[in-house]
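# Fold and geometry: a report
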Amino acid sequence: MAHHEQPIEMAPHESEDVSKNLENTASYQEGVQQVEAITQVWSKRALWITFALLYVVSFVDSLMEATQTQLTPYVTSTFSEHALLSTTNVISTIVGGVAALPVAKIINIWGRVEGFTIMILLIVVGLITKAVCHNVETYAAAQTIFWIGHIGLGYIIDVFLADMTTLQGRMLIFGINATPSIATTFSGPAIAQDYLDGSTWRWTFGTFAIVMPTFAIPVLISFILNRQKAKRHGLMPERESGRSSYMSVRHYVREFDVFGILLTTAGFALILLPLSLASSSASKWQSGHIIVMLVIGVCCLIEFVVWERWFVPIPYLPWKYLKDRTILASCVCFFALFTSIYCWDIYFSSYLQVVNQQSVKNAGYILNSYSLASSVFSPLVGFLIQRTGRFKWLGMAAIPFSALGTGLLVYFRHPGAGIGYLVMCQIFNGVAGAIVPLCTQMAVMVSVGHNEVAVVLALHTVFGSMGAAIGLAISGAIWTNTLPRAIHNHLPEAQKDQYMTIYSSLKTQLSYKWGSPVREAIVAAYGDTQRLLAVTGACFIPLMFIMIFAWKDLDVRRVVQTRGNVF
């Protein structure tokens, strides 16, 4: 841990690239001034306690995600809409990603505590709505609310940790905070299995709606107490806007560029959703509503560019940061990683249950071996960045793991392949999943000052979410356009008229006895479809390599961003 007050000297040849040292905090936004005031007055003990409390919240959030991932196929199957597994996630992923930049403004303008509170409330509302939903449309809406809170919470915790650390030691703390998945990899699927066997998936969401705020409240108390301490020392900025309620609404509509957010969300949603919805329409891509969605989506994105370029008073998208090649290349690299993974990930649990005869619990263990490997290697990646001060070489080292993990899936994602080979591929991808996110986060943060850290992390999150949304849309398009036809082709003549009933429900697929002609047909169809998903995911690996190659090889040891008692 260190107590930083003065910037260190920089090598002359590096000063132009990374001179983001401490500056006059009077120019900082209020949320940043608040957190710097807190870090200057809290004790070492308070620092450690706050980190421990944030770690517990990260653990609960990771457990919640590991559990609900196994339940989602059963939720959609309850409404006979198993094929809409990717569709229900596309819109939530888009909205969750787009929301990251407004959240960055909230925590920079109002404060970290306020943003944290809002995200917890959104998670709770989303979970309660999931628990009581009675159709897939309500579930999709609940998933969107939940996902905004989930993505926002993870993002705000990252910002908290950035506020609490020096740049050199930051990735080590980030890596340690990623380790809850080591436990939740095993506990999440087991909890999901227990709820399915002994209760219902609805009570899973209800339970976490109680557990999450219970563990989040101590974090709020810690920051509020230390904020009061900073206020007593006269370090907190005064909040006096002098605006009426109406003027405040107008101010924040302009500040958050609400119109730009709506255009972005509508544009991406209306373009990506038809990829997975077209196959369910009678006329496929010739359907009127599919064409209308695509046309309006493209128009929304064009209008967004025009609005941001010539008319918006305060831009939603911070274009100036994308002019930095390291920030842009890092964001695109993160985008490519998530697109690649989500091309084949969303239906993997269903594949393991249908093709490899795995239970929900065991399928979850195999699926989450990616998260397990990522969690195990994340602290090591952080330690290597701390010791060497460099991150580009680590990014390059991730490419062989990603190429092997995704490339070998093309061969092993077929009926008859051993479970061990599938786990091996997950571990290879997990190692890359530890290296790339930490290195891309470091690359965007080292390029700016403390006042801009929240914004560039939000930009990083937006690119990751867009990559995930596009990956989900691609997987949904391949799944909905390939699997029904494959099931129909492989089914015995006597059962061909049942192919849509079989296709629509995971429970129906699992109900056929192993070795029966119908089950063999389903298994063969899954193999054909999953191979296409893996091939598509592998196509994005070269883009990752090109983007990492474009990074500047910066030394994080030469940059100081934070002050006060920090790690």
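Counting starts from 1 at the beginning of each chain's written sequence and moves along it residue by residue. Local features in this predicted model are restricted to residues whose pLDDT is 70 or higher, and side-chain atom pairs enter the listing and the counts only when it is 80 or higher, whereas totals over whole chains, interfaces and linings include all residues. Here the side-chain values reflect all heavy atoms present in the structure, with hydrogen atoms and water set aside.

Under an unreviewed UniProt entry, the name given to the protein is Siderophore iron transporter mirB, and the source organism is Talaromyces islandicus. Here the protein is described in UniProt, under the heading Sequence similarities (unreviewed entry), as follows: "Belongs to the major facilitator superfamily." UniProt positions are given in the numbering used here, feature names are shortened, and annotations may be inferred rather than shown by experiment.

All right, on to the packing of aromatic side chains then. Aromatic rings from Phe, Tyr and Trp, with only the six-membered ring used for Trp, were paired whenever their centres fell within 6.5 Å, and each pair was classed as stacked if the ring planes differed by under 30 degrees, edge-to-face if by over 60, and tilted otherwise. One pass over the structure, following the stated rule, counts 17 aromatic pairs. Judged by centre distance (6.3 Å) and plane angle (50°), the ring pair of Phe 146 and Trp 147 falls under tilted. Taken individually, Phe 146 and Trp 147 each receive the classification buried, so the pair is uniform in this respect. An aromatic cluster of at least three residues, connected via ring pairs, comprises Phe 116, Phe 160 and Phe 223. For a lysine, the NZ atom is tested; for an arginine, the CZ atom; a charge sits over a ring if that atom is within 6 Å of the ring centre and within 35 degrees of the ring normal. In this structure, Lys 130 packs its charged tip against the face of Phe 146, placed 4.2 Å from the ring centre. We call a residue buried when its accessible area falls under 20% of the maximum for its residue type, exposed when it is over 50%, and partly exposed in between, using a 1.4 Å probe and counting protein chains only.

Looking now at the side chain of Thr 93. Secondary structure elements follow DSSP: runs of H or I no shorter than four residues count as helices, runs of E no shorter than two count as strands, and numbering proceeds from the N terminus. Note on placement: Thr 93 falls in helix α4 (residues 85-98). Take Thr 93: its relative accessible area is 5%, and that puts it in the buried class. We call two residues in contact when some of their heavy atoms are within 4.5 Å. Not counting the four nearest positions on each side in its chain, Thr 93 is found in contact with Trp 147, Ser 465, Ala 468, Ala 469 and Leu 472.

In this section: the nonpolar core. Counting 157 residues, the largest nonpolar core has Phe 116, Tyr 155 and Phe 391 as the members making the most contacts within it. Ranked by residue count, the leading element in this core is helix α20 (residues 450-490), at 19 residues. Excluding residues that lie within four positions of it along the chain, Phe 116 makes contacts with Val 57, Leu 153, Ile 156, Ile 157, Phe 160, Ala 216, Val 219 and Leu 220. Grouping buried Ala, Val, Leu, Ile, Met, Phe, Trp, Tyr and Cys residues that are joined through side-chain atoms within 4.5 Å yields what is termed a nonpolar core.

With that settled, the discussion passes to unusual backbone geometry. The backbone of Gln 357 shows a phi angle near 55°, a positive value even though the residue is not glycine. Of note, Gln 357 is situated in the loop between α15 (348-355) and α16 (360-367). Residue Gln 357 is classed as partly exposed on the basis of its relative accessible area, which comes to 47%.

Another aspect to go through is the environment of Gly 169. Mapped onto the elements, Gly 169 comes out in helix α8 (residues 167-177). Sequence separation of Gly 169 and Arg 387 is 218 residues, and the distance between their C-alpha atoms is 8.8 Å.

Quick look at the environment of Ile 145 now. Among the structural elements, Ile 145 can be located in helix α7 (residues 136-163). We classify Ile 145 as partly exposed; its relative accessible area is 29%. Taking the C-alpha atoms as reference points, Ile 145 and Ile 123, separated by 22 residues in sequence, lie 6.9 Å from one another. For Ile 145, the contacting residues outside a window of four places in its chain are Leu 122, Val 125 and Gly 126.

Glancing now at a nonpolar patch on the surface. Nonpolar side chains collect at one region of the surface, where Ile 182, Val 376, Phe 377, Leu 380 and Phe 383 lie side by side and expose about 400 Å² of accessible area between them. Top element by residues in the nonpolar patch is helix α17 (residues 369-388). It accounts for four residues. Structurally, the position occupied by Leu 380 is in helix α17. Note on Leu 380: relative accessible area 43%, which makes it partly exposed. Residues enter a patch when their relative accessible area is above 30% and they make no salt bridge; the linking distance is 9 Å between like charges and 5 Å between nonpolar side chains (Val, Leu, Ile, Met, Phe, Trp, Tyr). All accessible-area figures derive from a Shrake-Rupley calculation using a 1.4 Å probe, and residue coverage is judged against the displayed protein chains alone. By salt bridge we mean one thing: a side-chain nitrogen of Lys or Arg within 4 Å of a carboxyl oxygen of Asp or Glu.

We now examine helix α5 (residues 100-109). Counting buried positions over the 10 residues of α5 gives 10, a clear majority of the element. When α5 is considered as a whole, its buried residues turn out to be Ala 100, Leu 101, Pro 102, Val 103, Ala 104, Lys 105, Ile 106, Ile 107, Asn 108 and Ile 109. Downstream of α5 by one or two residues, Gly 111 has phi in the positive range, about 140°.

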